[in-house]
Structure formats: structure tokens, C-alpha cells
Amino acid sequence: MAEQDQPGSEVKFRGMHEGKKQLGELASSLVLILIGVVYLVQGSSYPWERLANPGPGFFPAVIGAIFLAGAAVLCISSFFHGRKEPANTCAGAHSQPDAGYRKLWLLLALLGAYLLTLDRAGYLINSFLLMLFSARLMGARRLGPILLLAIGMTLGTYLVFEVWLQVPLPKGIVGGG
Amino acid sequence: MLENLLTALFIALKPVNLFACFIGAMVGTLVGVLPGIGPTGTMALLLPITYGLGPTAGLIMLAGIWYGAQYGGSTTSILVNVPGEAASVITCIDGYQMARKGRAGAALAISAIGSWVAGTLGVVGLMLFAPALANVALVFGPPEYFAIAFLGLVVLSNLTGKSPLKSFLMALLGIMLSTVGLDPISGADRFTFGIPQLLGGVEFVPVTMGLFGIAEILSVVVEPYEVKDVMKVRFRELYPSRLEFKRSCAPILRGSVLGFLVGLMPGPAAVLASFASYGLERKVSKRPEEFGHGAIEGVAGPESANNSATSGGLVPLLALGLPFAPPTAVLLGGLMIQGVMPGPLLIQQHPEIFWGVIGSMYVGNLILLVLNLPLVGIFASITRVSPSLVMPAILLLTVVGAYGVNNSLFDVVVMLIAGVAGYLTRKLEFEPAPLVLGLVLGRIMEGALRRSMVIMDGNPWTFFQRPLSGILLFIVIALFLWRLVRIWRRRMASHVEEA
């Protein structure tokens, strides 16, 4: 019998899933507290002036204080209270989309490379390659539709933005439009 | 009123406006059909294209996408049991059951007819309400504007997502982002950390594209949606029976009124309207046992309500210049890019924009009714396109769209950061809509608050001495207290259970 089918494993997986959720809640509230602290500290460097004529520091101080208080409440709530998940989240606890997360990182790396090389390579070449690789990454297999997509979208967006809207897209190696 | 209506139609039927209306309605229908990116992300995506169209045609196109999506969302709900758009979730319940019984054509027809009736009645409401509210708003001062914007964000937080606290924190985060850049009153730079591109502030368009577009793409990359088989519907089946039509009339009218009123409120109006309508129809129905098994009222009411909600949602934007939902925030962005400031004076200073939108909504609803039914097979077949081809296309559009805002790669970087943040916040059940609203309303709120303090000579209690701002802020306080009471009662109940 596979481990996930053994008696009690459903409870175990539900517990693991809830534990991860609670950890995520706690981590997110700590990040929000950090954001609030940074915002308040930076905001306190701007002058308040006086209440009858508030300066640039007034509004950030008010908003920052409310935000920090709310984030603290969320943190305390996450720390002390576990979440009660409905039974059907057990299915999510069994399957970990690891392959999906790998694709996500690859896509982000692809986008990073696209941006870093855009000025040099130019919009046409970079966008064609972005279409090609991102379609393959997301599971497209047949070359015909992929090429059609890559060429169509690259040329289509070029015509709309560069030609019609006069948005100067990076020329790169290809040179003038 | 007749004169205004004729003016509206005259403006709407100008070739460029008609073209923009058609494109917006068709794109909106496509967006509604396809799971993934919704109308808000699409409107933000196409915002740069409005530069070339001008303010009237640009706004017409963007509005067309919004109400067009409500039509499209019902197609996949009925044929595939997958809502293409959040406001069509409820239509899956009875719409798909009707399809399983061989009544898909009737469901689609009633959905389209109901949407058209509701859309048309909603536009009538917009024509009546917006100018009246704009006249009243002429006497509003900065305290009233601050109070309305603050109440709007608080109500939105209460109605969006599973946790009002999380939604409120997202709204505050949006307001905090709105303070980045040059202070509009003193000119001091705030929170730029030495980055010159931030002097102009955080651009709304890349953030919205990131939160609604890139985040969705990342979600699909991690967990792709399945391409499902679509039921085929023949053209000759696209009509309801006499009994179905008779049973739909009252729900359509009720949905139209309810949807418009819900649309006036802050929040995800179309979604709330559809759910509220379903609940109402079930309550008043003589055959409540049919709901969930193919009751035509369960399609007619909600699909009407979500359409008229879009008209209701335009009232605060066009009359007050305040967006209470992400799509109207994008519309506000579209107007501001063109140098037009919505508000009580919009109807007087730019009547062609206001009446052009009104007229185009009449025309657009008609276009959607006439085209949606015969083309339902084509629209439905689009759902068979694999996400591995759809998502890269949307990816490139968002990248070039963000770049096109200021010809700046920095905006693309902002969009990607917002996209990653949007993906993470979704996983942790934080809603992105309040952040977008906070980013837009934050600037309005700060300006109103600081001007109010000057007017009131630094005495904040004066907010409560002015009738309207006092009432609105009192409602805000009451909402907070009500939430606290609910939490306390829930804790007491769980302590008693444990004991």
C-alpha cells in the first residue's frame, strides 16, 4: 500500500499542509511588519510641518502607523491561531507542483535575460525568442503553432506599437524599422 | 433627456468611436471566454493603445472590454462548466445543468438577451444618476472627498477576499505606494531611495498589469488549466421556449435593478451582483427546488445583474472622479493619461466623453447581442486553444504594453516585480484589487486630507462637524467596530466549544 493511502496519512498530510499555510501566514505578516517599519522610519525623515499645514511627512506617518498596527495584529493572529482547512485541501497536500515551480523560475530567468539583452539584440529578435522559448516552457510541442505564434505576435505588436502608436522600440542588431 | 440621448448616439456612431466600441466589445468577449486574464488586466494591457485613439474613443474601448467580458464569461460557464470570468461563476450552477439537458442554446440566448436588457437599463440609470450626483458633488469639499475615498476603501476591504484585515492591509500598501515620488504640494521627493525613475511615482499601469496579468501567467505556469471539451450548439437551437422566456422576464428586470444598485458600491460589483441576484431569485421563486438543476431564473437573473453592475460602477467614476473597482481605476488612469480629470465637472467640461460613453454602451450592448449568439461557436472554440500558446501571447503584450507607458524598461521591471508579488499574495490569500484601488485613491486621499487640514485650521474634529463627511466617517468607525464585535463573538463561541 502506498504511503499516501495508508490509514492516518490523510490526517498527516492535512497537518503538513496546514503547517505550511501557517508558516506562510507568519512569514507574510513579518514581511509586512518589515515594510511598515522601513516606511515609517523613512517617512519620519520628511517634515511634518504643523497640523494646520501638513508637510510631506504627515500622510506617510499616519498611513504607516495604521499599516504597522494592522500588520502586527495579523502577525499575532497568525502566531496564535492555526487555520481550519476544509477537507478537500487534502488533495492539494498530496501533490506538490515542483515541476511547475521549476518552470516558474525558468520563466523568470527567461524574462530577466530578455530585459538584459533587449537593447543590444533589439525588440524583434528578443521577442521572437521569448515567444519561442516561453511557449515551449509552458508545454507547447508542435513547431508549427509555436512558430506561427512567435512570428505573429512579434510582428503584430511591432506594427501596433512601433508603427501605429509611434512607441520607439529598441532596434538592436536589426537596426531601423 | 431625449436631446441628450440623441447627442450620445451621434457621438457614439462616429466611425472612430464605433470602431473602438466594436474592438472593445469583441476583445472583452474573448477575455470573458478565456480563463486566466480578466477584464482589468486586459484593460490595463490595452491602455497604451488608447493614446492613439483619443480620450473619448479610448474610454469607449476600455468600457467595451469591461462589459463585453460579462457577456463572454457566461459562454464557458454554460458550455464547459468553467467560468471565464469571476462574475459568471454562479451561472455555472444552473447554466451547465441546462446544457446537460440539451437546453444550452436557450441558456445562452437568455443570458445574451438578459445582458442586453440589463445593460440598456443600466445605461439609462447611468444617464439619470451620474449628472444628478455630479450636481450634488459640486458642493463637496476636500473633507467630503477624503471621507468618501476612505469609506470606499474600507467597504472594499470588507467585501473582497476571505480576510478583511488582509484586504485592508493591501489597500494601505497601495496608498503607501502612491506616496512614492514627488510630493504634489511641496515638491519634496519621498521614498525614491535615489532612483531617478521613481521621481514621477510608481506608475499605475505596470503595477496593474503585473498584479492581474503577470501573476495570472505565473499561476498558469505552475498549475496549467485543462483544456476541456466544449458542447456544440447549433444556430437553430439558440432560442428559448415560450415558457423559458416568460420565466426569465421578471428575473431579468430584478437583476437589472439589483445589479445597478450593487454597482454603485465599492467592491467587486459584478461578482457581488451576480451572487446577490441568484440568492434573490432562489428566495422569490415558486420552484426553489429547481435551482441547481437547470432553473432558467438562475441564469437570467445573475447574468443580467453582472451587466447592469458595470453601468452602476461607472456612476462614481464619471460623477465624482472616484473609482471603486479595479476596472474603473483603469478607466480613470486612461482619462488621466489623456489629460482629462474625471469629477463633477467632467460632464460640463468634456460632455463628448460622458455622452460618448453613454451612447457607445447602448451601441455596444446591441453589437454584443447581435454578434454573440451567432458567433457563440467560434467564441467557445477559442477555449480549446492551449494555455501554452495563449499565455506567451499575453506575456509579450504585457511586456510591450508596460514598456509603452513611458518608453522605459524600468516600468517593465516594476511590472515583473508586481507580478511576482501578485503571485505570492494570491498564494497567501491576499487580494490584489484593494492595492490597485489604494494606489489610485491614495493620491486623491492625501491631497484631500491635507487641503482639509488647511481649511479646518488643523482641527481634525471638524470632519465630524460637517454633515456628509461626519456621516461617512461614522460609517467607517461603525464598520470597524462591527468587525471587532464579530471577531470577539467568534472567539467566545470557539472557547465555549472547546470547553
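Residues numbered from 1 in each chain as written. Chains lettered and ligands numbered in written order. Predicted model: local features only at pLDDT ≥ 70, side-chain atom pairs only at ≥ 80, totals over all residues. Heavy atoms only, no water.

**Q** Explain the side chain of T310(B) to me, please; I cannot follow it from the model alone.
**A** If you trace the backbone, T310(B) turns up in helix α12 (residues 297-320). A polar atom in the side chain of T310(B) sits 2.6 Å from the backbone oxygen of N307(B). (Helix = DSSP H or I, 4+ residues; strand = E, 2+ residues; numbered from the N terminus. Polar contact = N/O pair within 3.5 Å; in protein donor to acceptor, adjacent residues only side chain to side chain.)

**Q** So what exactly am I meant to see when it comes to the confidence of the model for chain A here?
**A** Residues and elements named next belong to chain A. Residue-level pLDDT values for chain A average 81, and 78% of them are 70 or greater. Mean pLDDT across the elements of chain A bottoms out in helix α3 (residues 90-94) (41) and peaks in helix α5 (residues 123-137) (93). Under a pLDDT of 50 for its full length, residues 1-6 has, in the predicted model, 7 contacts with residues more than four places off or in other chains. Per-residue pLDDT stays below 50 along residues 85-96; that stretch engages in 11 contacts with residues further than four places along the chain or on separate chains. (pLDDT = per-residue confidence, 0-100. Contact = heavy atoms within 4.5 Å.)

**Q** Sorry, what's going on with the environment of T117(A) here?
**A** Residue and element names in this part refer to chain A. Here T117 lies in helix α4 (residues 98-121). Classification of T117 by relative accessible area gives partly exposed; the value is 36%. It is 19 Å that separates the C-alpha atoms of T117 and A135, two residues lying 18 residues apart in sequence. Look past the residues within four positions of T117 in its chain and what remains in contact with it is G122 and N126. (Buried < 20%, exposed > 50% of the residue type's maximum accessible area, 1.4 Å probe, protein only.)

**Q** In this structure, what is going on with the packing of helix α1 (residues 2-12) of chain B against helix α15 (residues 351-372) of chain B? I would like to understand it.
**A** Between two packed helices, the angle of one axis relative to the other and the distance separating the axes together describe the packing. All names here are of chain B. For the pair α1 and α15, the least separation of the axes is 7 Å and the interaxial angle reads 80°. It follows that α1 is roughly perpendicular to α15 by the angle criterion. Residues N4, L5, A8, L9, I11 and A12 of α1 touch α15, and the partners they reach there are E352, W355, G356, I358, G359, S360, Y362 and V363. Each residue belonging to the contact of α1 with α15 can be placed in one class, and the counts come to 9 nonpolar, 4 polar and 1 charged. (Axes fitted to C-alpha atoms, helices over the stretch in contact; angles between N-to-C directions. Parallel < 35°, antiparallel > 145°, perpendicular 65-115°, else oblique. Nonpolar A, V, L, I, M, F, W, Y, C, P; charged D, E, K, R; others polar.)

**Q** I keep staring at the nonpolar core and nothing clicks. Help me out?
**A** One recurring pattern in soluble globular proteins is that nonpolar side chains are buried together. One finds L107(A), I217(B), L314(B) and I358(B) to be the most contacted residues of the largest nonpolar core, which totals 166 residues. Of all the elements, helix α9 (residues 204-222) of chain B adds the most residues to this core, at 13 residues. Filtering out sequence-adjacent residues up to four positions away, L314(B) remains in contact with W66(B), L126(B), T328(B), L331(B), V357(B) and M361(B). Listed in part, the 20 residues of the second largest apolar core include L79(B), A109(B), A112(B) and L369(B). (Core = buried A, V, L, I, M, F, W, Y, C linked by side-chain atoms within 4.5 Å.)

**Q** Please clarify how the packing of aromatic side chains should be interpreted in this entry.
**A** Per the stated rule, a full pass over the model turns up 11 aromatic pairs over all chains. Taking the centre distance of 5.3 Å and the plane angle of 65° together, the rings of F129(B) and F260(B) count as edge-to-face. A residue pair is termed long-range when its members are at least 10 positions apart, and F129(B) in helix α6 (residues 104-137) and F260(B) in helix α10 (residues 242-263) qualify at 131 residues. On the accessibility criterion, F129(B) (40% relative accessible area) is partly exposed. Note on W461(B) and F464(B): the rings are 6.0 Å apart at their centroids and 40° apart in plane angle, and the pair reads as tilted. Taken together, the aromatic side chains of Y39(A), Y46(A) and F191(B) make up a single cluster linked through ring pairs. In this arrangement the basic side chain of K166(B) is found over the ring face of F430(B), its NZ or CZ atom lying 4.8 Å from the centre. (Phe/Tyr/Trp six-rings, centres within 6.5 Å; stacked < 30°, edge-to-face > 60°. Lys NZ or Arg CZ within 6 Å of the ring centre and 35° of its normal.)

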